[in-house]
Amino acid sequence: MAYQPKRRKLTAEINVVPYIDVMLVLLIIFMVTAPFVTQGVDVELPQTSTAKTAADLAEDADSGAFIIVEVDQNGGLGLSVNNGDMEHGLSLQDLLVRVKAELEINPKSPVLVGGDGRVPYSEIILTLDALNQAGVSSVGLMTEPLDS
């Protein structure tokens, strides 16, 4: 019998381990750089032409009552309930007590915060934060309608 050499089959295999390593490195790079990319987004704020007036909000509420908190240009606080006279010169604690008392009487009353255009934005945020900590869950911001 004559010696017959074994025939080898050619197999074509792709080693995918280096590709997986490259994909993991790219994934890490994208995860690290993603937060930096989203910080510089330009935002165009919506216009107030479709905003509801205080009277419309009062009609939408079951009780028809609404609470308006105002911050004047000096940071002073004022309160008006049901379109009544504005009480000026309230402290933040007095304002929170009055708002909570009005919300106990009419729990579905909308609370609106309006600020003078010259007041620093931080004063509005401090007022919103205090209302939130006092348990007021929904607060709207007041604006003037656009002149058409």
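Here's what I pulled together on the structure shown here. This one's a predicted model, so the numbers in the text were calculated from it and none came from an experiment.

### Some details on the side chain of Thr127
With respect to the secondary-structure elements, Thr127 resides in helix α4 (residues 121-133). Leaving out residues up to four positions away in the same chain, Thr127 has contacts with Val69, Val71 and Leu77.

### A word on a nonpolar patch on the surface
Together, Ile14, Val16, Tyr19, Ile20, Leu24, Leu27 and Met31 line one region of the surface with nonpolar side chains, adding up to about 750 Å² of accessible area. Positionally, Leu24 belongs in helix α1 (residues 17-37).

### A look at the environment of Val111
When you line up the elements, Val111 lands in strand β4 (residues 111-115). Given a relative accessible area of 2%, Val111 falls into the buried group. Measuring from C-alpha to C-alpha, the distance between Val111 and Leu131 comes to 9.4 Å, with 20 residues separating the pair along the chain. In this view, Val111 contacts Ile67, Leu103, Leu131, Val136, Ser138, Val139 and Gly140; residues no more than four positions away in its chain are not counted.

### Quick word on the nonpolar core
Core analysis: the largest hydrophobic core is formed by 19 residues, its most contacted members being Leu79, Leu95, Val99 and Leu131. Counting residues per element, the ones that place at least two in this core are β1 (67-71), β2 (77-81), α3 (92-105), β4 and α4. Among the elements that line this core, the one with the most residues is α3, at four residues. The residues touching Val99, leaving out its near neighbours within four places in the chain, are Ile67, Val69, Leu79, Leu131 and Val136.

### Side note on the pairing of β2
The buried fraction of β2 is high, at five of five residues. Covered by surrounding structure in β2 are Leu77, Leu79 and Val81 together with Gly78 and Ser80, the residues of both alternating faces. Here five bridges tie β1 to β2, and the two strands are oriented antiparallel to one another. Following the sheet pairing, Val71 is matched in β2 by Leu77. Linking β1 to β2, which pair antiparallel, is a turn of five residues; within it Gly75 sits at a positive phi near 90°. Across three bridges, the pairing between β2 and strand β3 (residues 87-90) is antiparallel. When the bridges of β3 are listed, Leu79 appears paired with Glu87. Between β2 and β3, which pair antiparallel and follow one another directly, the connecting turn spans five residues, one of which, Asn82, has a positive phi of 55°.

Cut-offs used in this document
- Residues numbered from 1 in each chain as written.
- Predicted model: local features only at pLDDT ≥ 70, side-chain atom pairs only at ≥ 80, totals over all residues.
- Heavy atoms only, no water.
- Helix = DSSP H or I, 4+ residues; strand = E, 2+ residues; numbered from the N terminus.
- Contact = heavy atoms within 4.5 Å.
- Patch = residues over 30% accessible without salt bridge, like charges linked within 9 Å, V, L, I, M, F, W, Y side chains within 5 Å.
- Areas by Shrake-Rupley, 256 points an atom, 1.4 Å probe, with all protein chains shown as cover.
- Salt bridge = Lys/Arg side-chain N within 4 Å of Asp/Glu carboxyl O.
- Buried < 20%, exposed > 50% of the residue type's maximum accessible area, 1.4 Å probe, protein only.
- Core = buried A, V, L, I, M, F, W, Y, C linked by side-chain atoms within 4.5 Å.
- Pairing = 2+ DSSP bridges.

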